[in-house]
2 protein chains.
Amino acid sequence: MEKIFDDIMSDYVTTIENNLKHYTNAKVDNKAQNMLTEAMRYSLEAGGKRIRPVLVMEFCRLCGGKAASAAAPAAAIEMIHTFSLIHDDLPAMDDDDFRRGKPSCHKAYTEAMAILAGDALAVLPFQIIADASELDEKTRIRLISELASATAVNGMIGGQVIDIDNESRNDVDEKNLRYMYSLKTGALIRAACRMGCIAAGADEALIDKADRYASKLGLAFQIIDDILDVTSTTEELGKMVGSDDKKNKTTFVKVMGVEKARNEADKLTKEALGILDDFSGSDFLMALTAELLDRRK
Amino acid sequence: MEKIFDDIMSDYVTTIENNLKHYTNAKVDNKAQNMLTEAMRYSLEAGGKRIRPVLVMEFCRLCGGKAASAAAPAAAIEMIHTFSLIHDDLPAMDDDDFRRGKPSCHKAYTEAMAILAGDALAVLPFQIIADASELDEKTRIRLISELASATAVNGMIGGQVIDIDNESRNDVDEKNLRYMYSLKTGALIRAACRMGCIAAGADEALIDKADRYASKLGLAFQIIDDILDVTSTTEELGKMVGSDDKKNKTTFVKVMGVEKARNEADKLTKEALGILDDFSGSDFLMALTAELLDRRK
């Protein structure tokens with residue numbers, strides 16, 4: 001299985017990265033505009049695990065859809081994720097100079113360019129899905145609505161606002177923390193799984209199952225991020241460790257300690273794997289889910 | 001005509017502002033999230049001329065569409081415009097403390113909140129159009145594609161990048177200036193007129209006419225902005241005058257002087273009015289076009 005898993009993952013990542021290049025290849029006869037595209041690509045190409053687009057593609061496959069049907073929504077969701085990373089790193093936000101071991105976008109370019117590259121990556125995804133003629137119009141509309149709602153006030157951006165607000169408070173409890181994470185990182189992971197099903201034309205029951213899997217995976221994923229911030233090394237992680245504590249971020253580690261946090265992530269992952277039993281041919285996704293729990297970076 | 005014009009304009013603005021409120025009324029049980037909505041509304045409610053949404057509604061009417069068909073695209077385009085103003089005012093961009101006589105969003109809230117309020121206003125428009133069940137799916141898809149493409153690299157954001165780049169250069173010629181303006185402000189004005197026609201289900205010939213009108217109006221509108229920056233007072237304009245010169249912005253005034261710039265705006269407006277002759281019942285739009293040329297703020 002190990003070999004097969006790595007092959008499938010590598011194929012997915014190659015497809016995703018080629019698609020991201022394809023959707024951002026509009027060269028024009030203006031240096032400043034091409035610099036904007038370059039800044040967008042710089043952050044898109046910085047790598048990362050590509051979890052969200054892989055989830056789109058894999059759920060599309062599990063629901064019997066073609067790989068081509070997942071191309072646009074997968075690229076779109078990775079762009080939204082990348083836009084959020086670029087803006088999160090800005091001096092007025094988390095003020096991070098590095099991202100995945102490379103200078104963050106505003107360090108490599110300028111702050112103004114990073115704001116605008118993020119802005120462009122927030123809007124382009126909707127054009128890509130709207131123009132995806134391989135999907136019928138009803139499907140495109142639903143994908144756009146899902147992605148936008150997972151991103152805006154009641155999604156990722158809302159979660160980011162709560163996260164910033166929490167930094168100035170010392171009374172953040174587990175309920176608030178779970179709610180914040182369900183928006184900040186959970187909403188987009190749920191959208192990824194749902195969008196994969198929708199792209200394949202799956203019925204509501206399957207979309208709902210994917211959603212429940214994603215909620216558990218998303219929370220486990222975030223708890224592990226919290227754990228890694230205190231247990232990993234800067235070299236392994238590709239960014240400064242201990243940054244949560246420095247910023248007065250309340251984390252699951254702070255609320256329940258490393259051991260209990262790891263147990264919670266473990267429990268959530270087992271429940272997520274249980275839901276995957278209902279999807280036939282989900283060996284790859286089971287392996288991916290297990291790997292995400294074991295990750296060290 | 002004067003009285004009727006003011007009445008129509010006032011009705012449009014009332015409808016638009018009610019719709020903007022309606023589309024941002026999602027109160028939730030979280031203070032930080034509600035603060036985000038408040039920051040978005042603060043900038044949306046700061047007023048302005050509402051030119052873009054009025055153009056959407058008026059072209060929809062001229063093409064025989066219902067007012068309800070224009071509600072979502074009109075609100076969407078005003079949100080995109082507002083998001084760009086919020087981000088343009090940021091310290092890393094134009095660093096403006098005031099907008100329309102009120103503290104700009106990052107002054108009223110914080111820089112982080114302004115970045116995120118802008119981000120949310122960049123994404124929400126696509127959800128609003130996607131969920132506009134009064135429009136058929138094909139129309140919604142086209143509206144989303146038009147709006148996104150007018151906003152991203154080859155639209156408003158691309159124009160903003162060129163504008164910033166030009167500030168560090170002293171060799172900006174009229175051709176570059178026209179290109180920059182065609183993106184920075186022109187793209188969204190063209191999108192407004194086109195989207196009004198599309199919402200009404202107009203044919204390509206009408207959309208094309210609206211596009212040509214909009215190109216001329218957009219350029220004239222921008223030339224007048226340049227003129228007002230040197231001829232108006234801070235009180236009239238609601239923002240600091242002379243700011244273009246301070247920031248080494250090349251403007252039409254710099255390239256051709258106030259008189260020639262005004263003549264150019266005049267000529268463009270006459271051409272725009274000529275195109276409107278092809279739309280029956282365009283008295284209001286003719287009056288609006290003429291007024292935009294005469295404005296003092």
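On a predicted model such as this, the values are computed, not experimentally measured, just so you know.

## Comments concerning the relation of the copies chain A and chain B
Phase 1: Note on the copies: chain A fits chain B at an RMSD of 0.0 Å, the axial shift is 0.0 Å, and the rotation between them is 180 degrees. Both copies of the chain, as the preceding transformation shows, are related through a two-fold rotation axis. Taking C-alpha positions as the reference, the residue of chain A nearest the rotation axis is Glu137(A), at 3.0 Å.

## Some thoughts on the environment of Ser215(B)
Phase 1: In this structure, Ser215(B) sits in helix α10 (residues 204–231).
Phase 2: Between the C-alpha atom of Ser215(B) and that of Asp171(B), which follows or precedes it by 44 residues, the distance is 25 Å.

## Section: the side chain of Glu58(B)
All names here are of chain B.
Phase 1: Checked against the element boundaries, Glu58 lands in helix α3 (residues 51–62).
Phase 2: For Glu58, a relative accessible area of 0% puts it in the buried group.
Phase 3: Once you skip the residues sitting within four places of it in the chain, Glu58 turns out to touch Tyr12, Gly281, Phe284 and Leu285.

## Regarding the nonpolar core
Within soluble globular proteins, side chains that are nonpolar tend to cluster in buried spots.
Phase 1: Core analysis: the largest hydrophobic core is formed by 213 residues, its most contacted members being Leu55(A), Phe59(A), Leu55(B) and Phe59(B).
Phase 2: Ignoring any residue separated from it by four or fewer positions in sequence, one finds Leu55(A) in contact with Ile189(A), Ala192(A), Cys193(A), Tyr213(A), Leu217(A), Leu285(A) and Leu288(A).

## Quick look at the packing of helix α8 (residues 156–167) of chain A against helix α6 (residues 111–130) of chain B
Phase 1: In contact at an axis separation of 10 Å, α8(A) and α6(B) are set at 170 degrees when each is read in the N-to-C sense. As the angle between them shows, α8(A) and α6(B) are arranged roughly antiparallel. Along the contact surface, α8(A) presents Ile157(A), Gln160(A), Val161(A) and Ile164(A), while α6(B) presents Ala112(B), Met113(B), Leu116(B), Asp119(B) and Ala120(B).
Phase 2: A per-class count over the contact of α8(A) with α6(B) returns seven nonpolar, one polar and one charged.

## A look at the side chain of Thr269(B)
Residues and elements named next belong to chain B.
Phase 1: By the secondary structure assignment, Thr269 is in helix α13 (residues 252–276).
Phase 2: By relative accessible area, which is 6% here, Thr269 ends up buried.
Phase 3: Thr269 has contacts with Ala220, Thr289 and Leu293, leaving out every residue within four places of it along the chain.

## Quick notes on the packing of aromatic side chains
All names here are of chain A.
Phase 1: Counting across every chain of the model gives 13 aromatic pairs over all chains.
Phase 2: Pairing Phe59 with Tyr213 gives two aromatic rings, centres 5.6 Å apart and planes at 50 degrees, and the pair type is tilted. Taken together, the positions of Phe59 in helix α3 (residues 51–62) and Tyr213 in helix α10 (residues 204–231) put the pair 154 residues apart, joining distant regions of the chain. Assigned by exposure class, Phe59 and Tyr213 land together as buried.
Phase 3: A network of ring pairs unites the aromatic residues Phe5, Tyr12 and Phe284 as a single cluster.
Phase 4: Over the face of the ring belonging to Tyr42 we find Lys102, whose NZ or CZ atom lies 4.1 Å from the ring centre.

## A few points about the environment of Glu291(A)
Residues and elements named next belong to chain A.
Phase 1: Along the chain, the position of Glu291 falls in helix α14 (residues 283–294).
Phase 2: Classification of Glu291 by relative accessible area gives partly exposed; the value is 40%.
Phase 3: Here the alpha-carbon distance between Glu291 and Ala120, two residues 171 residues apart in the chain, equals 33 Å.

## Describing the state of the cysteines
Phase 1: Tallying each qualifying case throughout the model produces zero disulfides over all chains.
Phase 2: Among the cysteines around Cys197(A), which has no disulfide bond, Cys63(A) carries the closest sulfur, lying 3.6 Å off.

## Brief notes about α14(A)
Phase 1: In a regular helix each residue adds 1.5 Å, so 12 residues correspond to 16 Å; α14(A) covers 17 Å between its end C-alpha atoms and thus fits that length.
Phase 2: For α14(A), the full list of buried residues reads Phe284(A), Leu285(A), Leu288(A), Thr289(A), Leu292(A) and Leu293(A).

## Overview of unusual backbone geometry
Phase 1: Of note, the phi angle at Arg100(A) is positive, near 55 degrees, even though the residue is not glycine.
Phase 2: Locating Arg100(A) in the fold gives a position in the loop between β1 (98–99) and β2 (102–103).
Phase 3: Under the relative-accessibility criterion, Arg100(A) is labelled partly exposed at 28%.
Phase 4: Of note in the backbone geometry, Arg50(B) takes a positive phi value of approximately 60 degrees without being a glycine.
Phase 5: Positionally, Arg50(B) belongs in the loop between α2 (31–44) and α3.

## Some details on the confidence of the model for chain A
Regions with low pLDDT carry predicted coordinates that are not meant to be interpreted in detail.
Phase 1: Overall, the predicted model of chain A reaches an average pLDDT of 93, with 94% of residues at or above 70.
Phase 2: Both scores are available for the predicted complex, with the pTM at 0.95 and the ipTM at 0.94.

## What to know about the interface of chain A and chain B
Phase 1: Taken together, the contact between chain A and chain B spans 47 residues of the former and 47 residues of the latter.
Phase 2: Here chain A packs against chain B, burying approximately 4100 Å² in sum over the two surfaces, 75% of which is carbon and sulfur.
Phase 3: It is Gln33(A), Val123(A) and Ile141(A) in chain A that bury the most area against chain B; as a group they hold 15% of the surface buried on that side.
Phase 4: Between chain A and chain B we count zero salt bridges in total.
Phase 5: Connecting chain A to chain B are 10 residue pairs in polar contact (both at pLDDT 80 or more).
Phase 6: The set of elements that each furnish at least two residues to the side of chain A that touches chain B consists of α2 (31–44), α4 (67–88), α6 (111–130), α7 (137–151), α8 and α9 (174–199) of chain A.
Phase 7: With 12 residues, the single largest contributor to the side of chain A that touches chain B is α6(A).
Phase 8: For the side of chain A that touches chain B, the per-class residue count stands at 29 nonpolar, 11 polar and seven charged.

## Details of the pattern of salt bridges
Phase 1: A full pass over the atoms with the stated rule returns 42 salt bridges over all chains.
Phase 2: Asp165(B) is the partner of Arg169(B) in a salt bridge, and the nearest nitrogen-oxygen pair spans 3.5 Å.
Phase 3: The shortest N-O distance in the salt bridge between Arg190(B) and Asp211(B) comes to 3.0 Å. Of this pair, Arg190(B) sits in helix α9 (residues 174–199) while Asp211(B) sits in helix α10, and the two are 21 residues apart along the sequence.
Phase 4: One connected set of salt bridges, linked through shared partners, spans Arg142(A), Glu146(A), Arg190(A), Arg194(A), Glu204(A) and Asp211(A).

Parameters and conventions
Residues numbered from 1 in each chain as written. Chains lettered and ligands numbered in written order. Predicted model: local features only at pLDDT ≥ 70, side-chain atom pairs only at ≥ 80, totals over all residues. Heavy atoms only, no water. Least-squares fit on C-alpha atoms with pLDDT ≥ 70 in both. Helix = DSSP H or I, 4+ residues; strand = E, 2+ residues; numbered from the N terminus. Buried < 20%, exposed > 50% of the residue type's maximum accessible area, 1.4 Å probe, protein only. Contact = heavy atoms within 4.5 Å. Core = buried A, V, L, I, M, F, W, Y, C linked by side-chain atoms within 4.5 Å. Axes fitted to C-alpha atoms, helices over the stretch in contact; angles between N-to-C directions. Parallel < 35°, antiparallel > 145°, perpendicular 65-115°, else oblique. Nonpolar A, V, L, I, M, F, W, Y, C, P; charged D, E, K, R; others polar. Phe/Tyr/Trp six-rings, centres within 6.5 Å; stacked < 30°, edge-to-face > 60°. Lys NZ or Arg CZ within 6 Å of the ring centre and 35° of its normal. Disulfide = S-S within 2.5 Å. Expected span 1.5 Å × (residues − 1). pLDDT = per-residue confidence, 0-100. Buried area = accessible area lost by both parts, 1.4 Å probe. Salt bridge = Lys/Arg side-chain N within 4 Å of Asp/Glu carboxyl O. Polar contact = N/O pair within 3.5 Å; in protein donor to acceptor, adjacent residues only side chain to side chain.

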